[in-house]
Amino acid sequence: MDTSTRVAVDRDVCIGAGQCALAAPAVFVQDDDGFSTLRHGHPDPGADPTVREAARACPVGAIKVTGPQGPPEARP
Ligand code: SF4
């Protein structure tokens with residue numbers, strides 16, 4: 001069973017507000033179109049405490065954090 005915490009950006013929902021890159025610059029970066037994407041090379045984005053802050057800050061709820069440290073309803 002995979003128990004790692006997953007972080008994903010729904011780019012269909014993202015409006016490019018950039019709050020995530022401000023809240024968690026080690027995890028999120030804005031691409032050339034202004035939309036958020038996960039920064040490559042982060043060893044374990046799900047373990048980064050700023051990810052939750054970014055998910056809260058996103059005005060459209062485009063950041064999903066699921067797994068053991070995610071919201072209770074997302075736990076396996
Ligand atoms: S805060 Fe949300 S809407 Fe803004 S860039 Fe990040 S994922 Fe997209």
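What you see as residue numbers is a count from 1 along each chain, following the sequence as written. The predicted origin of the model limits local features to residues at a pLDDT of at least 70 and limits the giving and counting of side-chain atom pairs to 80 or more, whereas totals for whole chains, interfaces and linings rest on all residues. To obtain the side-chain values, all non-hydrogen atoms of the structure were used and water was disregarded.

By the naming in an unreviewed UniProt entry, the chain is Ferredoxin, taken from Streptomyces thermocoprophilus. UniProt positions are given in the numbering used here, feature names are shortened, and annotations may be inferred rather than shown by experiment. Heading Cofactor (unreviewed entry) of the UniProt record for the chain holds this comment: "[3Fe-4S] cluster". As stated in UniProt under Function (unreviewed entry), the record for the chain gives "Ferredoxins are iron-sulfur proteins that transfer electrons in a wide variety of metabolic reactions."

Observations regarding the site of the ligand
Around the ligand sit 14 residues in total, of which Cys14, Ala17, Gly18, Cys20 and Cys58 are the nearest. When residues are grouped by polarity, Ala, Val, Leu, Ile, Met, Phe, Trp, Tyr, Cys and Pro land in nonpolar, Asp, Glu, Lys and Arg in charged, and all others, Gly among them, in polar. Tallied by class, the residues present in the shell around the ligand amount to 10 nonpolar, 4 polar and no charged. Near is defined per residue: the residue qualifies when any heavy atom it owns lies within 4 Å of the molecule or strand.

Here's the deal with the pattern of salt bridges
Counted as salt bridges are all cases of a side-chain nitrogen of Lys or Arg within 4 Å of a carboxyl oxygen of Asp or Glu. By the definition in use, this model includes 2 salt bridges. For Asp31, the salt bridge goes to Arg11, with nearest N and O atoms at 2.8 Å. Here Asp31 is found in the loop between strand 2 (28-30) and strand 3 (36-38), whereas its partner Arg11 is found in the loop between strand 1 (6-9) and helix 1 (19-23), with 20 residues between them in sequence. Working definition: helices are DSSP H or I runs of at least four residues, strands are E runs of at least two. Numbering for both runs from the N terminus.

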